[in-house]
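Structural features, examined
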Amino acid sequence: MKRIHINKGFFLLILTVLILMLLQVLCIGCGSGDSSEPESNSAPKTSTPTKSAHGETVWDVEWSTLTGSGEWGAPIGNMQFPATFNYDWSDGDLYGGYSDYVGFTATSQINVQRDASSFVSFHVGSDDAIRLYVDNNLVLDDWAKHDYRTKNATVSLAPGFHSLRIRYYEWTADAQVMFSCDYDVLDW
Ligand SMILES: [Ca+2]
């Protein structure tokens, strides 16, 4: 009986060690799946592409008010823009009944399907202010109150996905915003 008791104790010890090793492996696996990592310069995950139900590249747009001192106010709604756009609202409403002191942040992504790093052309136009970021780098900066005008930039990009972000605001009077780029990076 004593011999059996010792074997049982040894068995329980081995079982405990195995369970602890299993928990350690599971814990390491959980750590790498942390979804709260901060925004980085890398391309967004391709598992959540910004595409419409019809398979076209689109922009996710979040509208916000502007305060009288030019600070971002409250979010007022979301919508989607097509891959390229040119909205001329004149002095009418831009979104949600707002014709002045309103703006948006829009995000999208492109796919450079070329053999090597190469230049991609971007074009923006705005009344009033606009900024374009590629992979979180500011590449077009026209952040001031002004009548409609356009800006162009070419950026060397490696093959693969790259994130885009536009910030825009309308101060008063007429309003317009435009975006376009090389079409081949929109077709994926
Ligand atoms: Ca204006």
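Every chain begins its residue count from 1, and numbering advances along the sequence as written. For a predicted model such as this one, the threshold for reporting local features is a pLDDT of at least 70, and the threshold for listing and counting side-chain atom pairs is 80 or more; totals across whole chains, interfaces and linings nevertheless cover every residue.

**Let's talk about the overall build of the protein**
Where helices and strands are cited, they refer to DSSP runs of H or I of at least four residues and of E of at least two residues respectively, numbered from the N terminus. From N to C terminus, the protein includes one helix and 10 strands. Across the protein, helices and strands are ordered from the amino to the carboxyl terminus as α-β-β-β-β-β-β-β-β-β-β. In this scheme the burial state of a residue depends on its C-beta neighbours within 10 Å: 20 or more other such atoms mean buried, 12 or fewer mean exposed, and anything in between means partly exposed; the C-beta positions come from the backbone. For the protein, the proportion of its 188 residues judged to be buried stands at 21%. For the protein, the share of sequence-separated contacts (at least 6 apart) that also reach a separation of at least 24 residues comes to 69%. Note on contacts: residues are paired as contacts if their backbone-placed C-beta atoms lie within 7 Å.

**Some details on the sheet that holds strand β4 (residues 102-112)**
Strand pairing within a sheet occurs via backbone hydrogen bonds; the two strands may be parallel or antiparallel. One bridge is not enough; two strands pair if DSSP finds at least two bridges between them. Spatial ordering of the open sheet is given by β2-β1-β4-β9-β6-β7, a layout of six strands whose pairing is antiparallel. Of all strands in the sheet, those bounded by a partner on one side alone are β2 (72-82) and β7 (137-142). Taking the axes of each pair of neighbouring strands and ignoring which way they run, one obtains an average angle of 20° across the sheet. Here strand β6 (residues 129-134) runs beside strand β9 (residues 160-170); their pairing, made up of six bridges, is antiparallel. Looking at β9, one finds that Arg 131 is bridged to Arg 167. Between N-to-C directions, angles span 0 to 180 degrees; the directions come from axes that are lines fitted to C-alpha atoms, helices contributing only their stretch in contact.

**Quick notes on the environment of Gly 68**
Assignment of secondary structure puts Gly 68 in the loop between β1 (58-66) and β2. Residue classification places Gly 68 among the exposed positions, given that 7 C-beta atoms sit within 10 Å. Remark: the alpha-carbon pair of Gly 68 and Trp 171, spanning 103 residues in sequence, is separated by 9.1 Å.

**A word on the sheet that holds strand β3 (residues 85-90)**
Read across the sheet, four strands follow the order β3-β10-β5-β8 without closing on themselves; strand pairing throughout is antiparallel. Every interior strand has two partners, whereas the edge strands, β3 and β8 (149-157), have only one. Neighbour-to-neighbour, the strand axes of the sheet open up by a mean angle of 15°, direction not taken into account. In terms of strand pairing, β3 meets strand β10 (residues 175-181) through five bridges, oriented antiparallel. Residue pairing across strands places Asn 86 opposite Met 178, the latter belonging to β10.

**With respect to the confidence of the model for the protein**
pLDDT gives the predictor's per-residue confidence on a scale running from 0 to 100. Scored by pLDDT, the protein has a mean of 84; 73% of the residues are at 70 or more. Between residues 27-47, whose pLDDT stays under 50, and residues either more than four places distant or in other chains, the model counts 12 contacts.

**Let's talk about unusual backbone geometry**
The omega torsion of the bond from Asp 127 to Asp 128 falls at 20°, within 30 degrees of zero and hence cis. On the secondary structure map, Asp 128 appears in the loop between β5 (118-127) and β6. With a phi close to 50°, Ser 90 is a non-glycine residue in the positive phi region. On the secondary structure map, Ser 90 appears in strand β3. At Ala 173, a residue that is not glycine, the phi angle is positive and equals roughly 65°. Structurally, Ala 173 can be placed in the loop between β9 and β10. With 13 C-beta atoms counted inside 10 Å, the residue Ala 173 sits in the partly exposed group.

**Things to note about the pairing of β9**
Successive side chains on a regular strand alternate, one facing one side of the sheet and the next facing the other. Where β4 meets β9, 11 bridges bridge the pair, whose relative direction is antiparallel. Considered in β9, the bridge of Gly 103 is made with Tyr 169.

**Some points on the environment of Arg 149**
Among the secondary structure elements, Arg 149 is positioned in strand β8. Each C-alpha atom, one on Arg 149 and one on Val 177, is 9.4 Å from the other, the two residues being 28 residues apart in sequence.

**Re the environment of Asp 115**
Tracing the backbone shows Asp 115 in the loop between β4 and β5. Exposure remark for Asp 115: the 6 C-beta atoms within 10 Å place this residue in the exposed category. Residues Asp 115 and Pro 159, 44 residues apart in the sequence, show an inter-C-alpha distance of 6.9 Å.

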